[in-house]
Amino acid sequence: MALEPCIGLEVHVELDTESKMFCTCPNEFGAEPNARVCPVCLGLPGSLPAPNRKAVEYVIRTGLALNCQVAERCRFARKNYFYPDLAKNFQISQYDEPLTHDGYIEVEVSGETKRIRVRRAHLEEDTGKNIHMPDGRSLGEYNRCGVPLMEIVTEPDFTTAEQVREYLNMLRAILRYLGVSTADMEKGVMRAEPTINWIDRESGEKTPKVEIKNLNSIKSVYEAVKYELTRQHRAWDSDEELFQETRRWDENAQRTSPMRRKETADDYMYFPEPDLPPLAPEPEWVEEIRASLPELPRARARRVAAEYGLPEYDAEVLTSSRELADYYEAVAKLAPDAKVASNWVMGDMMAYLNQTGTDLAAFPVTPAELTELLELLAEGAINNPTAKDVFAKMTASGRGAREIVEAEGLQQIADTGELECLVEQAIEANPQSVEDYRGGKEKALGALVGAVMRASKGQANPRMVNELLRKKLSD
Ligand SMILES: [Zn+2]
């Protein structure tokens, strides 16, 4: 029997609004516990919710970017359940009438494009958190109660863990481009829950669906999906019983374990939220939002590759965030060579950001300043190793490239007379290398070039040194 994997994904994203979903409490991370609450988000008797227009706009923005339809009219619903992190005993969500629906994201894995259908992107509110103390007590933290939360649900269209990973990377990039969320999985701002089972397409037989929770990075989602696919397939092969259940990912053990048998929608007693009228976004407003959408990551990668003549790989890396793409394009528009600019941005600049843990927003070198360095390099005023030194000095001091080169006398030595002198000295001082080279060992030339470069404190023009050495040695 040929089994096929059937994977769907539910993603929750906290929206980056100033206030909460249904009250005016600030939506901010890291405040003192239970200091950002009011009767509305705690659901005290008599309080009434009022929807946050910005949050509605952000879901419409996301829906449009994911090729979804925007509902002309939809409703909020109450999802009823008791849990200590939910002071109201219900969560305001959307059930049979989501704000946006029926879209898709295209992901590319090993050169193949796969369309993943997005069933819906709807709006709800986040719950609080329980903090479990080492002494066995549990504390209630309600600051997160009522934070605007977007839920994005796919159809079970994924067939590999690689597609799931690519989808999450793409979705995160889109959300950040749109500016609707920081989409940081490590901080719980974006949370992904895959649903996994196997299906026999011929007989229609399936393994029961398993949902996985407790995943806090795209990497854990990838590992968990791979693990779960293998576990279910093995169980099927050996006629072991499988259950429809929720399982938890154990990061240390790299395995899933049972958490609870799956609830059904009936368990939640969904009903229309009586305190909120239906939501009917004006069509003009939706069109305004559509017109304000930025160029999205895939489209931008394609354009950047074509416009600046870059390899696909460069274009993808450079457009992985909007800020990085803006930076690169600002340099590429001014710089003498767009590919050299790409090498510097992806190489020295990204290495600096990674090593120092600096945000691009705080990077001390502006695009115009980096361009100045690239111009010096293109003019032949400095060589590549010197350019790397100058770059380090620019990041440390904030001074300009030309200023550093002039103040420190770092100009490349391209004066033939001066170089000839250095070359002769190197030949005299390294008779063994000279003999080796003349005896046919091409590599020996490198040692001589190195000697000249050292004698010039790295400022000789390596190409000219090479030529001069060959000429002198063949005399
Ligand atoms: Zn509140």
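Moving on: the overall build of the chain. Looking only at helices and strands, the chain features 16 helices and 14 strands. Since a compact globule built from 475 residues should have a radius of gyration of about 23 Å, the 30 Å found for the chain marks it as more spread out than a globular shape. With the C-alpha coordinates aligned to their principal axes, the bounding extent of the chain is approximately 95 × 55 × 50 Å. Within the chain, contacts between residues at least 6 apart in sequence are counted, and of these 68% link residues at least 24 apart.

Another point: the domain arrangement of the chain. Along its sequence, the chain is organised into domain 1 (3–286), domain 2 (295–407) and domain 3 (416–474). Taking only C-alpha atoms, the centre of domain 2 and the centre of domain 3 are 33 Å apart. With four residues of domain 2 in contact, the opposing surface of domain 3 contributes four residues.

In this section: the nonpolar core. The biggest cluster of nonpolar side chains holds 68 residues, and the ones touching the most others in it are V13, V59, M150, V164, Y167, V221 and V225. Of all the elements, helix α3 (residues 161–178) adds the most residues to this core, at nine residues. The contact partners of V225, leaving out residues within four places of it in the chain, are I7, A161, V164, P194 and I196. Among the nonpolar cores identified, the runner-up in size contains 31 residues, and A341, V345, A401 and I404 belong to it.

Looking now at the pairing of strand β13 (residues 255–261). Sheet analysis places strand β12 (residues 245–250) next to β13, joined by six bridges and oriented antiparallel. Note that in β13 the partner of E245 across the bridge is R261. Between the end of β12 and the start of β13, which pair antiparallel, lie four residues, with Q254 showing a positive phi angle near 55 degrees.

On to the sheet that holds strand β2 (residues 69–70). Taken in spatial order, the nine strands of this open sheet run β2-β5-β6-β9-β1-β10-β11-β12-β13, and their pairing is mixed. Every other strand in the sheet has two partners, leaving β2 and β13 as the edge strands with one partner each. Strands in contact with helix α2 (residues 53–65) are β2, β5 (100–109), β6 (112–125) and β9 (148–154); relative to β6, the strand with the most contacts, it is inclined by about 165 degrees.

Inspection of the secondary structure puts S292 in the loop between α5 (283–291) and α6 (297–308). Spatially, the C-alpha atom of S292 lies 20 Å from that of E18, the residues being 274 residues apart in sequence.

One open sheet accounts for three strands, arranged β4-β3-β14; its pairing is antiparallel. Of all the strands in the sheet, just β4 (90–93) and β14 (271–272) have a single pairing partner and so form its edges. Two elements, strand β3 (residues 77–80) and β4, share four bridges in a ladder whose sense is antiparallel. Bridge pairing links K79 to Q91 in β4.

Attention now moves to the environment of V147. You can see V147 is positioned in the loop between β8 (138–141) and β9. Given 24 C-beta atoms within 10 Å, V147 falls into the buried group. Between the alpha carbons of V147 and M21 there is a distance of 5.6 Å; along the sequence they are 126 residues apart. Setting aside anything within four residues of it in sequence, one finds V147 in contact with E14, K20, M21, N27, E125 and D126.

This part is about the packing of helix α14 (residues 431–438) against helix α15 (residues 444–455). Axis separation between α14 and α15 bottoms out at 8 Å; the angle between their running directions is 145 degrees. In the crossing of α14 with α15, the sense of the turn from one axis to the other is left-handed. Across from S433, D436 and Y437 in α14, the residues of α15 making contact are A444, L445, A447 and L448. Along the lines of polarity and charge, the residues of the contact of α14 with α15 split into five nonpolar, one polar and one charged.

Structurally, the α-helix is built with 3.6 residues per turn, so residues lying three or four positions apart point the same way. For helix α10 (residues 367–379), built from 13 residues, the straight-helix expectation of 18 Å at 1.5 Å per residue is met to within 8% by its first-to-last C-alpha distance of 18 Å. Among all positions in α10, only P367, L370, T371, E372, L373, L374, L376 and L377 are buried. Structurally, α10 contributes buried residues whose contacts are with α8 (322–334), α9 (338–356), α11 (384–397) and α12 (401–407). Of the residues trailing α10, G380 is marked for its positive phi of about 85 degrees.

Reading the values: rules and limits
- Residues numbered from 1 in each chain as written.
- Predicted model: local features only at pLDDT ≥ 70, side-chain atom pairs only at ≥ 80, totals over all residues.
- Helix = DSSP H or I, 4+ residues; strand = E, 2+ residues; numbered from the N terminus.
- Rg over C-alpha atoms; globule rule 2.2 N^0.38 Å.
- Contact = placed C-beta atoms within 7 Å.
- Domains from an automatic or database assignment.
- Core = buried A, V, L, I, M, F, W, Y, C linked by C-beta atoms within 7 Å.
- Buried ≥ 20, exposed ≤ 12 C-beta atoms within 10 Å, placed from the backbone.
- Pairing = 2+ DSSP bridges.
- Axes fitted to C-alpha atoms, helices over the stretch in contact; angles between N-to-C directions.
- Left-handed = near helix turned anticlockwise from the far one by under 90°.
- Nonpolar A, V, L, I, M, F, W, Y, C, P; charged D, E, K, R; others polar.
- Expected span 1.5 Å × (residues − 1).

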